[in-house]
Amino acid sequence: MRAADVEALVGVPYCEKTCDCADFVVLVQQQLFGRAVRLPGARPRGAAGQAAIGDLSRPYATAAASPMDGDLVLMIEHGQKRAGHAGVFFRLAHEGWVLHSNEKNGCSVLHRVRDLPDFGLRIEGYYRWV
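Now for a quick tour of the structure. (Residues numbered from 1 in each chain as written. Predicted model: local features only at pLDDT ≥ 70, side-chain atom pairs only at ≥ 80, totals over all residues. Heavy atoms only, no water.)

The next thing to look at is the nonpolar core. Judged by nonpolar contacts, the single largest core of 23 residues is most densely connected at V28, L72, F90 and L99. Considering every element that reaches this core, the biggest residue donor is helix 2 (residues 21–33), with 5 residues. Discounting chain neighbours no more than four positions away, the residues touching L99 are V6, L9, V10, F24, V28, G87, V88, F90, V109 and L110. M75, F89, L121 and Y126 belong to the second largest nonpolar core, which has 7 residues in total. (Core = buried A, V, L, I, M, F, W, Y, C linked by side-chain atoms within 4.5 Å. Buried < 20%, exposed > 50% of the residue type's maximum accessible area, 1.4 Å probe, protein only. Helix = DSSP H or I, 4+ residues; strand = E, 2+ residues; numbered from the N terminus. Contact = heavy atoms within 4.5 Å.)

Here it is as structure tokens:
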């Protein structure tokens, strides 16, 4: 994957109702990989949606031991016990990165995997799309 393709999706505005982290993952899959990932239309939003993100993801992806470009990344936010945040993995310049969107940043951002703890996030797992 070219860095310029990934970076073109940095700065997409976050909106809890129309473009939360899960919606953003779907957008990335469509635009960069041509995958038709569809989330349940009546899925919960906000805090309830964050609490359910891991369970909602299971029908769409299976655990991957070694991540590849485009894999789903589920993350646990500081102070939480279960995954409540989603992003997309990329290997850029021989290093792991996660492209994700959240309310705290107000838009999509690209973070090195090794820097995620500095932003209150830890990876729960990587998942390959089915």
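That was the structure; now back to the text.
In this section: the environment of I76. Looking at where I76 falls in the secondary structure, it is placed in strand 2 (residues 72–77). Contact partners of I76, with chain neighbours within four places excluded, come to K81, R82, A83, G120, L121, R122 and E124.

Extensive coverage of strand 3 (residues 85–92) is indicated by the burial of 7 of its 8 residues. Relative to strand 3, strand 2 is paired through 4 bridges, and the arrangement is antiparallel. Pairing of M75 across the sheet is with H85, part of strand 3. Direction of pairing for strand 3 relative to strand 4 (residues 95–101): antiparallel, over a ladder of 6 bridges. Residue pairing across strands places R91 opposite G96, the latter belonging to strand 4. Counting the residues between successive antiparallel strands, the hairpin from strand 3 to strand 4 contains 2 residues, one of them, A93, with a positive phi of roughly 50°. (Pairing = 2+ DSSP bridges.)

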